[in-house]
Amino acid sequence: MNENYAYPLDYTWTTEEITIVFSFFKQVENYYENKRDNQEFLKAYQKFKTVVPSKMQEKQIGKEFEQNSGYSIYEALQSVKSVNNT
């Protein structure tokens, strides 16, 4: 993990939208740092999808986030979903 990295943000987002996306990124970080709460992760993801409804934009943000942080949004999400489906 890179300790000093920037979050991929769209500067056309409102302050509230940036806060929602930032909160989701924090949940992804928590997932990798073994401080996860699957329900909170999924709640944060649902809110994130209100800001980033496009799958293409989600993939672009996820790729940039992973390049910057070393943390995969996709892998974390798949893992949390698989735990909740069992």
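See the structure shown above.
Residues numbered from 1 in each chain as written. Predicted model: local features only at pLDDT ≥ 70, side-chain atom pairs only at ≥ 80, totals over all residues. Heavy atoms only, no water.

Draft legend 1. Quick peek at the pattern of salt bridges. What the rule picks out here adds up to 5 salt bridges. Put simply, Lys49, Lys55 and Glu58 are held in one network by salt bridges that share partners. (Salt bridge = Lys/Arg side-chain N within 4 Å of Asp/Glu carboxyl O.)

Draft legend 2. The arrangement of the packing of aromatic side chains in detail. Under the criterion given, the structure shown has 14 aromatic pairs. Consider the rings of Tyr7 and Phe25, whose centres lie 5.1 Å apart with planes at 20°: the pair is stacked. Taken together, the residues span a long stretch of sequence, with Tyr7 in the segment before α1 (15-32) and Phe25 in helix α1 at a distance of 18 residues. Geometrically, the ring pair formed by Phe25 and Phe48 is tilted, given 6.5 Å between the ring centres and 55° between the ring planes. Of this pair, Phe25 sits in helix α1 while Phe48 sits in helix α2 (residues 38-51), and the two are 23 residues apart along the sequence. Taken together through their ring pairs, the aromatic side chains of Tyr5, Tyr7, Phe22, Phe24, Phe25, Tyr31, Tyr32, Phe41, Tyr45, Phe48, Phe65 and Tyr71 make up a single cluster. (Phe/Tyr/Trp six-rings, centres within 6.5 Å; stacked < 30°, edge-to-face > 60°. Helix = DSSP H or I, 4+ residues; strand = E, 2+ residues; numbered from the N terminus.)

Draft legend 3. Region of the structure containing α2. Counted at 1.5 Å a residue, the expected span for α2 with its 14 residues is 20 Å, and the 20 Å between its end C-alpha atoms agrees. For α2, the set of buried residues is Asn38, Phe41, Leu42, Ala44, Tyr45, Phe48, Lys49 and Val51. Axial view of α2: buried residues confined to an arc of 160°, hence all on one face. Within α2, the exposed residues directed more than 90 degrees away from the buried face are Gln46, Lys47 and Thr50. The N-cap residue of α2 is Asp37: its side-chain oxygen and the backbone nitrogen of Gln39 are 3.1 Å apart. (Expected span 1.5 Å × (residues − 1). Buried < 20%, exposed > 50% of the residue type's maximum accessible area, 1.4 Å probe, protein only. Arc of directions from axis to C-beta. Polar contact = N/O pair within 3.5 Å; in protein donor to acceptor, adjacent residues only side chain to side chain.)

Draft legend 4. Broad picture of the packing of α1 against α2. Following both chains from N to C, one finds α1 and α2 inclined at 145°, their axes separated by 9 Å at the closest point. Between α1 and α2 lies a crossing of left-handed hand. From α1, Glu17, Ile20, Val21, Ser23, Phe24, Gln27, Val28 and Tyr31 reach across to α2, where they touch Glu40, Phe41, Ala44, Tyr45, Lys47, Phe48 and Val51. In terms of residue class, the contact of α1 with α2 is made up of 10 nonpolar, 2 polar and 3 charged. (Axes fitted to C-alpha atoms, helices over the stretch in contact; angles between N-to-C directions. Left-handed = near helix turned anticlockwise from the far one by under 90°. Contact = heavy atoms within 4.5 Å. Nonpolar A, V, L, I, M, F, W, Y, C, P; charged D, E, K, R; others polar.)

Draft legend 5. Region of the structure containing the environment of Tyr74. Turning to its location among the elements, Tyr74 is positioned in helix α4 (residues 73-84). Given the relative accessible area of 58%, Tyr74 is considered exposed. Measuring from C-alpha to C-alpha, the distance between Tyr74 and Gln39 comes to 16 Å, with 35 residues separating the pair along the chain.

Draft legend 6. Fine view of the packing of α2 against helix α3 (residues 55-69). One can describe the packing of α2 onto α3 by two numbers: an axis separation of 10 Å at closest approach and a directional angle of 115°. For the crossing formed where α2 meets α3, the hand is right-handed. Each of Tyr45, Phe48 and Lys49 in α2 lies in contact with α3, whose residues at this interface are Lys55, Glu58 and Ile61. Here the contact of α2 with α3 is built from residues that sort into 3 nonpolar, no polar and 3 charged.

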